[in-house]
Amino acid sequence: MSKLLFYNTRTSRKEPFEPIEAGKVGIYSCGPTVYAPQHLGNLRPYLFADLLRRTLEEEGYEVTHVINVTDVGHLAGDSDDGDDKMEVAAAKAGKTALEIAAMYTEQWLRDRRQLNIRDPDVLCRATEHIAEQIALAKALEDNGFTYTISDGVYFDVSRFPRYSEFAGLDLAAQADHGRIDEVSEKRNPADFAIWKFAAEGIDRQQEWDSPWGVGFPGWHLECSAMSTKYLGQHFDIHTGGIDHVRVHHTNEIAQTECATEIHPWVNFWMHNEFIDFQGEKMAKSTGNVALLEDLVENGIEPLAYRYFLLSAHYRQQQTYTPEVVQAAATGYRRLLGLAAEVRDAGEGHEGGKGGGEAEGAAQSAYRERFRDAMRDDLNAPKALAVAWEVARNRDDLSAADRRDLLLAFDRFLGLDLVVADPAGDVFESDPRIDALLADRQQARANKDWAEADRIRDLIGEEGIEIIDTPEGPRWRRK
Ligand code: AMP
Ligand code: ZN
């Protein structure tokens, strides 16, 4: 029986993870659309997939991780019409679509690496797999799952009775209300394009020959074609953001299961929740975005953002504000400061995997608690709390024990614990001291110098020094 429990969107519950082939796991993650920079929200699914991969590897599995890059088409949102965003971005920048794609793919890879997210084993681009997509579309057509209308070849969802199952869709309601983006000739509102025809008189950079004439693939097709190419017709885990459940993943399942007649095509479907910003989902389409480089410009190191993401469970929505990320950076630097204290402690059991020496009871208990948290649907905030306890526990753990444990935990967390120096000054946060500091500021504002000095002395008696920074006074223990 597996020790790993993962929440499976397909069954709506946490389930023990068992691989299809003993000792091996195949993961496919929906990758970026590269017509604009990937923002802080976009980075969350990759951090989550990285955590998944690291956890599986720590359990001894050999993982093959495949991620795609959507460098073609991707019309407005999930719909099948509207402007093609790759083409629009290219025209605006006076570059080719491929240049735009290369530029934003680079940015995405750089951001990932700065967050200590491991590179995938296979990085596959939609434009390099047109033949595979055409082959899949052809198989669907040959088996009667498609029909052709004026602007393309469409998948007929009524031919797949399980269509609404995965996302619990109410197709009747969709049919009643229609959809804003509805292409009028479609048989059912949920039908989706698998191949779009190049429109007369519109000059496109990205189009290919096909059995249906010149055109380009529908967005959903690439993930079905590439995942099965690299992981086989039945594989273990598919990941993506929660927004993909209702349309993109539902459509991937429909076309793949109809083409292969294998059900379920993917055993585990795992989805991360959103990063919100300014009251809504951070999204390229609405423009309410912040980038990793914006954080860096403001003095926040990238791994502080990783720490911020790890401080919530991947299935919990998180709200981004500069202040909460600043607070996460303070916490992160403080943890690094504690970890750096034990850097030179005698090496115990290399990397924490238990060398010859027997491990103390306190040490094993922490190791178990940390692993249990990660095994329970990747509960990173709980695991991080264990790392904090270890970093602070000078009573039951030797410096060498703490070092060993923090190094072992960091194989999951990827925060460069023990090895990195905390950046800049390490300030602390505690509601009581913060309130005293605020009172002192108020006294100074009132020109009540005696009161301001009294509070400073009071804080000083606790071994705390106050440092004036451009953002106002901060404090740390001497
Ligand atoms: P895109 O480039 O828009 O296709 O998005 C890439 C990945 O980021 C997909 O898995 C999306 O589901 C995910 N995503 C987009 N916006 C957010 C957000 N605000 N928070 C978390 N994940 C997101
Ligand atoms: Zn996808």
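> Describe the sheet that holds strand β14 (residues 318-319), and please don't skip the residues or the numbers.
As summarised here, the arrangement of the three strands in space is β13-β12-β14, forming an open sheet in which the pairing is mixed. The strands lining the two open edges of the sheet, one partner per strand, are β13 (280-281) and β14. As defined by bridge partners, strand β12 (residues 275-277) adjoins β13 across two bridges and the pair is classed as antiparallel. Its bridge partner being in β13, Asp276 is matched across the sheet by Lys281.

> Could you give an account of the coordination of the zinc ion (ligand 2), naming the residues involved and the relevant values?
Those donors, Cys30 (SG), Cys223 (SG), His248 (NE2) and Glu252 (OE), are the protein atoms that reach the zinc ion (ligand 2), and they lie 2.0 to 2.8 Å from it. Coordination at the zinc ion (ligand 2) comes from four donor atoms whose angles at the metal span 70 to 130°, giving a geometry best classed as irregular. By relative accessible area, Cys223 is classed as buried at 1%.

> Tell me about the domain arrangement of the protein, and please be specific about residues and values.
Reports of interface size often rely on the accessible area that becomes lost once the parts have come together. In terms of domain boundaries, the protein breaks down into domain 1 (5-281), domain 2 (300-413) and domain 3 (431-477). Look at where the C-alpha atoms of domain 1 and domain 2 centre, and you get two points 34 Å apart. Each partner contributes to the interface: domain 1 provides 29 residues, whereas domain 2 provides 27 residues. Buried surface at the junction of domain 1 and domain 2, summed over both partners, amounts to about 2700 Å²; 58% is from carbon and sulfur atoms. Of all residues in domain 1, Arg44, Leu51 and Glu58 bury the most surface against domain 2, accounting for 23% of the area lost on that side. Inspection of the domain 1/domain 2 interface yields six salt bridges. A salt bridge links Arg371 to Glu59, with the shortest nitrogen-to-oxygen separation between them at 3.5 Å. Remark: the boundary between domain 1 and domain 2 carries 19 residue pairs in polar contact (both at pLDDT 80 or more). Broken down by secondary-structure element, the contributors of at least two residues to the side of domain 1 that touches domain 2 are β1 (5-8), α1 (40-58), β11 (266-272) and β12. No other element matches α1, which puts eleven residues into the side of domain 1 that touches domain 2.

> So what's going on with the packing of helix α11 (residues 361-375) against helix α13 (residues 399-413)? Which residues, and what values?
Their axes nearest at 10 Å, the elements α11 and α13 cross at an angle of 10°. On the basis of their axis angle, the class for α11 and α13 is roughly parallel. Facing Gln363, Tyr366, Arg367, Phe370, Arg371 and Met374 of α11, the residues of α13 in contact are Asp401, Asp404, Leu405, Ala408, Phe409, Phe412 and Leu413. Residue composition of the contact of α11 with α13, by class: eight nonpolar, one polar and four charged.

> So what about the packing of aromatic side chains? Which residues, and what values?
Here a ring pair, both rings aromatic, is described through the centre-centre distance and the interplanar angle of the planes. Using the criterion set out here, one finds 18 aromatic pairs in the structure. Measuring from ring centre to ring centre gives 5.9 Å for Phe17 and Tyr61, while their planes differ by 85°; the resulting arrangement is edge-to-face. Residue Phe17 is found in the loop between β2 (13-16) and β3 (24-29), and its partner Tyr61 is found in the loop between α1 and β4 (62-69); the two are separated by 44 residues along the sequence. Assessed through its relative accessible area of 0%, Phe17 is described here as buried. The exposure class of Tyr61 is buried, given its relative accessible area of 16%. With centroids separated by 5.1 Å and ring planes inclined at 20°, the aromatic side chains of Phe155 and Phe192 adopt a geometry described as stacked.

> Would you mind going over the site of ligand 1 in detail, with residue names and values included?
By nearness alone, 19 residues border ligand 1, and Thr33, Asp243, Ile275, Met282 and Lys284 come closest of all. At a separation of 3.2 Å, an oxygen atom of ligand 1 approaches a polar backbone atom of Gly241. Sorting elements by how many residues they give to the shell around ligand 1 places α1 first, with four residues. In terms of residue class, the shell around ligand 1 is made up of six nonpolar, nine polar and four charged.

> Now, about the sheet that holds strand β6 (residues 146-149): what can you tell me, with residues and values included?
Strand order in this open sheet of four strands is β6-β7-β8-β9, and the pairing throughout is antiparallel. Lying at the two open borders of the sheet, with one neighbouring strand each, are β6 and β9 (215-217). Adjacent strand axes in the sheet meet at a mean angle of 25°, parallel and antiparallel pairs treated alike. Both strand β8 (residues 192-197) and β9 contribute to a ladder of three bridges, which runs antiparallel. Looking across to β9, one finds that Lys196 is bridged to Phe216. Its contacts with the sheet put helix α4 (residues 130-142) on β6, β7 (152-155), β8 and β9, and the angle it makes with β8 is roughly 120°.

Quick notes on the rules
- Residues numbered from 1 in each chain as written.
- Chains lettered and ligands numbered in written order.
- Predicted model: local features only at pLDDT ≥ 70, side-chain atom pairs only at ≥ 80, totals over all residues.
- Heavy atoms only, no water.
- Pairing = 2+ DSSP bridges.
- Helix = DSSP H or I, 4+ residues; strand = E, 2+ residues; numbered from the N terminus.
- Donors = N, O, S within 2.8 Å, 3.2 Å for Na, K, Ca; no water.
- Tetrahedral: all angles 85-135°; square planar, octahedral: opposite > 155°, others 65-115°.
- Buried < 20%, exposed > 50% of the residue type's maximum accessible area, 1.4 Å probe, protein only.
- Domains from an automatic or database assignment.
- Contact = heavy atoms within 4.5 Å.
- Buried area = accessible area lost by both parts, 1.4 Å probe.
- Salt bridge = Lys/Arg side-chain N within 4 Å of Asp/Glu carboxyl O.
- Polar contact = N/O pair within 3.5 Å; in protein donor to acceptor, adjacent residues only side chain to side chain.
- Axes fitted to C-alpha atoms, helices over the stretch in contact; angles between N-to-C directions.
- Parallel < 35°, antiparallel > 145°, perpendicular 65-115°, else oblique.
- Nonpolar A, V, L, I, M, F, W, Y, C, P; charged D, E, K, R; others polar.
- Phe/Tyr/Trp six-rings, centres within 6.5 Å; stacked < 30°, edge-to-face > 60°.
- Near = heavy atom within 4 Å.

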